[in-house]
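Descriptive structure summary
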Amino acid sequence: MPELPEVETVRLGLNELILGKKIASIEVLSEKSMRSARSDVDAFAVGAVVKDIDRRGKLLILHLDNNYSILVHLRMTGQMVYVDQSTRFGAGHPNDSLIHSLPDSSTRIICTFDDGATLYFNDQRKFGYWMVVPTSQISEDAFVAKLGPEPLLPEFTASVFSERLNRRKGTNIKAAILDQTVLAGVGNIYADEALFSAKIHPSTLVANVAEEQREELHEAIVDVMNLSIQHGGSSDKNYVNAEGKRGSYLTFAQVFRREGQACVVCGDTIQKIRVAGRGTHICPTCQQLSIKRRTQK
Ligand SMILES: [Zn+2]
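Here the structure is a predicted model, which means the values were calculated and not measured.

What the 5 strands build is an open sheet, ordered β1-β7-β8-β5-β6; its pairing is antiparallel. Strands with a single pairing partner mark the edges of an open sheet, and in this sheet they are β1 (23-28) and β6 (88-92). Across the sheet, the mean angle from the axis of one strand to that of its neighbour is 15°, orientation sign disregarded. Judged from the 5 bridges that link them, β1 and strand β7 (residues 107-113) form a sheet pairing that is antiparallel. Bridging across to β7, serine 25 finds its partner in threonine 112. In the packing of helix α1 (residues 4-17) onto the sheet, contacts are made with β5 (78-83), β6 and β8 (118-123), and the angle to β6 comes to roughly 155°.

Have a look at this one:
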């Protein structure tokens, strides 16, 4: 599932490739993948020039030069692949469509620019979608309006993080950091990695996570996301199509999908448990559940 670092990788890559390009056509192969009416797509996206590319959490935003924007939700399996005569760039969900010839059976939208370059939106499971909206309405979008702070911006300090966590005192720490209203963009992989790095058991109640642990977790979240972006998320450049290998973003994982293997810190065996309804990877020695309990009411 594309997480914030993968979406940021898409943004950084497309920023180099499609700014200033004029959209010549948008072909929608799956109705479900385009939430805007055909007439709106033709009126407000086709013929417009891509001016800027932004991101809010895991939402990618292509700003056009006519005060409209295209929102791109990659969700479970979305990916963007750019192809022109000399360049190919793809990022998002790591599967073979990143490197195979396109369109393929997962292609849902084909956006062609007036210089012949093509941007493919592939989405096997069809949970993702594009939407053309007036730029001024983005902040009112139900999804965007509720998003918490961006973890990669300087405004996201340890004290802001701690305040946001206090809104979810009664829940466990993993559910809290996965909550997009607490902070934007943390998904399952980075939640597990950050909690391991900060030595916090994911089932710990937020109320029982001490201030210094919150500071460590804050640092861990920022570090693990930056590390993944440096690795290029799961772009096709380092995508390896062999024996189930995925994009390089998993090669630095210390606990995620490492159940049964030795902890890199203490040598104990990594376990897979269930927390917040999600498969969760922990080292039972490094991440001990706090014995401190709140008084039962
Ligand atoms: Zn360990």
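Interface size is often expressed as the accessible area that is lost when the parts come together. The domain architecture assigned to the protein chain consists of domain 1 (4-146) and domain 2 (158-282). Computed over C-alpha atoms, the centres of domain 1 and domain 2 are 27 Å apart.

With respect to the helices and strands, serine 69 occurs in strand β4 (residues 68-73). For serine 69, a relative accessible area of 0% gives the class buried. There is a polar contact of 2.7 Å between the side chain of serine 69 and the side chain of histidine 63. In contact with serine 69, not counting residues within four places along its chain, are Ile61, Leu62, His63, Leu64, Met131, Val132, Val133, Thr135 and Ile138.

So, on to α1. A rise of 1.5 Å per residue sets the reference length of α1, with its 14 residues, at 20 Å; its end C-alpha atoms lie 20 Å apart and thus fit the reference within 8%. Most of α1 sits out of view: 11 of its 14 residues are buried. By the burial criterion, the buried members of α1 are Leu4, Pro5, Glu6, Val7, Glu8, Thr9, Val10, Arg11, Gly13, Leu14 and Leu17.

This brings us to the coordination of the zinc ion. Protein coordination at the zinc ion comes from Cys263 (SG), Cys266 (SG), Cys283 (SG) and Cys286 (SG), with a distance range of 2.2 to 2.4 Å. Of note is the zinc ion, whose 4 donor atoms meet at the metal with angles of 99 to 114° in an arrangement that counts as tetrahedral. Donor residues for the zinc ion sit on one chain with the sequence pattern C-x2-C-x16-C-x2-C. Here cysteine 266, found in the loop between α7 (211-230) and β10 (271-275), pairs with cysteine 283, found in the segment after β11 (278-282); they are 17 residues apart in sequence, far enough to count as distant. Assessed through its relative accessible area of 38%, cysteine 266 is described here as partly exposed.

With that out of the way, let us pick up the nonpolar core. Leu14, Ile18, Ile70, Met80 and Trp130 are the most contacted members of the largest nonpolar core, which has 32 residues in total. For this core, the element with the most residues is α1, which contributes 4 residues. If we ignore the near neighbours within four places in the chain, the residues touching isoleucine 70 are Ile23, Ile26, Ala45, Leu60, Ile61, Leu62, Leu64, Trp130, Met131 and Val132.

This part is about the packing of helix α4 (residues 158-166) against α7. In the contact formed by α4 and α7, the axes pass within 9 Å of each other and the chain directions differ by 110°. The orientation of α4 with respect to α7, classified from their angle, is roughly perpendicular. Considering only the axes of α4 and α7, their crossing is right-handed. Mapping the contact onto sequence places Ala158, Phe161, Ser162, Leu165 and Asn166 in α4 and Glu211, Arg214, Glu215, Leu217, His218 and Ile221 in α7. Taken together, the residues that form the contact of α4 with α7 break down as 5 nonpolar, 3 polar and 3 charged.

For the rest of this paragraph, the subject is the side chain of arginine 55. On the secondary structure map, arginine 55 appears in strand β2 (residues 50-56). For arginine 55, a relative accessible area of 11% gives the class buried. A distance of 2.7 Å separates the side chain of arginine 55 from the side chain of glutamate 8, its partner in a polar contact.

Calculation notes
Residues numbered from 1 in each chain as written. Predicted model: local features only at pLDDT ≥ 70, side-chain atom pairs only at ≥ 80, totals over all residues. Heavy atoms only, no water. Pairing = 2+ DSSP bridges. Helix = DSSP H or I, 4+ residues; strand = E, 2+ residues; numbered from the N terminus. Axes fitted to C-alpha atoms, helices over the stretch in contact; angles between N-to-C directions. Contact = heavy atoms within 4.5 Å. Domains from an automatic or database assignment. Buried < 20%, exposed > 50% of the residue type's maximum accessible area, 1.4 Å probe, protein only. Polar contact = N/O pair within 3.5 Å; in protein donor to acceptor, adjacent residues only side chain to side chain. Expected span 1.5 Å × (residues − 1). Donors = N, O, S within 2.8 Å, 3.2 Å for Na, K, Ca; no water. Tetrahedral: all angles 85-135°; square planar, octahedral: opposite > 155°, others 65-115°. Core = buried A, V, L, I, M, F, W, Y, C linked by side-chain atoms within 4.5 Å. Parallel < 35°, antiparallel > 145°, perpendicular 65-115°, else oblique. Left-handed = near helix turned anticlockwise from the far one by under 90°. Nonpolar A, V, L, I, M, F, W, Y, C, P; charged D, E, K, R; others polar.

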